Amino acid sequence: MHIMEGFLPPAHALGWAAASLPFLAFGLHSVKRSLQAHPERRMLLGVAAAFAFLLSALKLPSVTGSCSHPTGVGFGALLFGPAAMVPVGFVVLLFQALLLAHGGLTTLGANVFSMAVVGPFVAYGVFRAAAGLNASRSVAVFLAACLGDLATYVVTSIQLAWAFPDAVGGFSTSFIKFAGIFGLTQVPIAISEGLLTVLVVNAMARFNAHELRALPVMLAGRKRA
Amino acid sequence: MKPRTWMTWAAIVLLTVLPLWFASAPPAEPGAEAPAMFGGADERAQQAIGTVAPDYEPWFAPVFEPASGEIASLLFALQAAIGAGVIGYWLGMSVARERARREAKHTESHAD
């Protein structure tokens, strides 16, 4: 989902940066407040960041014959709420833009918006909805991580289609083209991310139950457990 | 490991490995070279931009580019290693702490 350096016109690059900035500021504030109230969660926040670091480095083959990577931000969004993952995703994307020439500084705003804003918020929203419908924790976690991952790539397709509408068909033709590249490729990878997140959350529930009790992810399925 | 756990692991591995055999080559953009098999989706999107807006010139270049594909994969591996290291440290610590607590409880009940 990384839009390459220089591949968004300046107006779009600036616009997405402006859209991401308030989320980043709010996210930093939210992380600070959460760690002040629960200093013991510092380690866990590091783990959530490490998960995003690890997963977004893995480019996996997909059915479309191209490779793409999971984002790993849904997991942290379930632990700490979506706002906390904005600064985490920002750090991951900055690392890749500066050292790997993957993504870029001019497209950082757009990439932060898709991976660090929309991904975590969709994941969290899906989780709350599934939990509200009385789904088991595994199902809710799977849907959240999987759909959050997919949403990121849909947003990237929208961003590119908006910046590069087709000469004949306009936005929609262009969107279908980019979604065909990003969206389809991402389907099996998003499913993998969903399954992996379920495994990690289940392992955490087994070993760290007392530490996790107050986190949003443990709310689902509590009545059943 | 519970059967459901290892079945989930198997599903993840299959989802990742099966495309290596069953994926067909990505369709070529009109007027462009056929994309490489299992190239990055990011590069394919870049090619698609080239066909939608052939006149578009990227207006900014990366400040630092890995000197080669090998160096790039070194940095990606480093990124993954840092992530995996932190997770492994924490997971090991959690398991050990849980065991220590159980043992402490055990000896306590013996003392009674």
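J.: Just to check I follow, could you spell out the overall build of chain B for this structure?
T.: Secondary structure assignment for chain B yields 4 helices and 1 strand. Counted from the first residue to the last, chain B has its helices and strands arranged as α-α-β-α-α. Taking 112 residues into account, the globule formula puts the C-alpha radius of gyration at 13 Å, and chain B, at 24 Å, lies well above it. Taken along its principal axes, the extent of the C-alpha atoms in chain B is 80 × 35 × 25 Å. Per-residue burial for chain B yields a buried fraction of 14% across its 112 residues.

J.: Please explain the overall build of chain A as it appears in this structure.
T.: Counting secondary structure elements, chain A contains 8 helices and 2 strands. When the elements of chain A are put in sequence order from the N terminus, they spell out α-α-β-β-α-α-α-α-α-α. Scaling as 2.2 N^0.38, a compact globule of 225 residues should have a C-alpha radius of gyration of about 17 Å, and chain A matches this with 17 Å. Taken along its principal axes, the extent of the C-alpha atoms in chain A is 55 × 35 × 30 Å. Counting over 225 residues, chain A shows a buried share of 61%. Restricting the contact set of chain A to residue pairs at least 6 apart, pairs at least 24 apart contribute 71%.

J.: Just checking my understanding: could you explain the domain arrangement of chain B for this structure?
T.: When the parts of a complex come together, some accessible area is lost, and that lost area is often used as the size of the interface. You can read the domains of chain B as domain 1 (1-60) and domain 2 (64-112). A C-alpha centroid distance of 30 Å is found between domain 1 of chain B and domain 2 of chain B.

J.: It is not clear to me how the interface of chain B and chain A should be interpreted in this structure. Could you clarify?
T.: Facing 50 residues of chain B, the contacting portion of chain A comprises 51 residues. Sorting the residues of the side of chain B that touches chain A by element identifies α1 (3-17), α2 (19-22), β1 (39-40), α3 (41-52) and α4 (69-111) of chain B as the ones contributing at least two each. When residues in the side of chain B that touches chain A are grouped by element, the largest group, 14 residues, is from α4 of chain B.

Quick notes on the rules
- Residues numbered from 1 in each chain as written.
- Chains lettered and ligands numbered in written order.
- Predicted model: local features only at pLDDT ≥ 70, side-chain atom pairs only at ≥ 80, totals over all residues.
- Helix = DSSP H or I, 4+ residues; strand = E, 2+ residues; numbered from the N terminus.
- Rg over C-alpha atoms; globule rule 2.2 N^0.38 Å.
- Buried ≥ 20, exposed ≤ 12 C-beta atoms within 10 Å, placed from the backbone.
- Contact = placed C-beta atoms within 7 Å.
- Domains from an automatic or database assignment.

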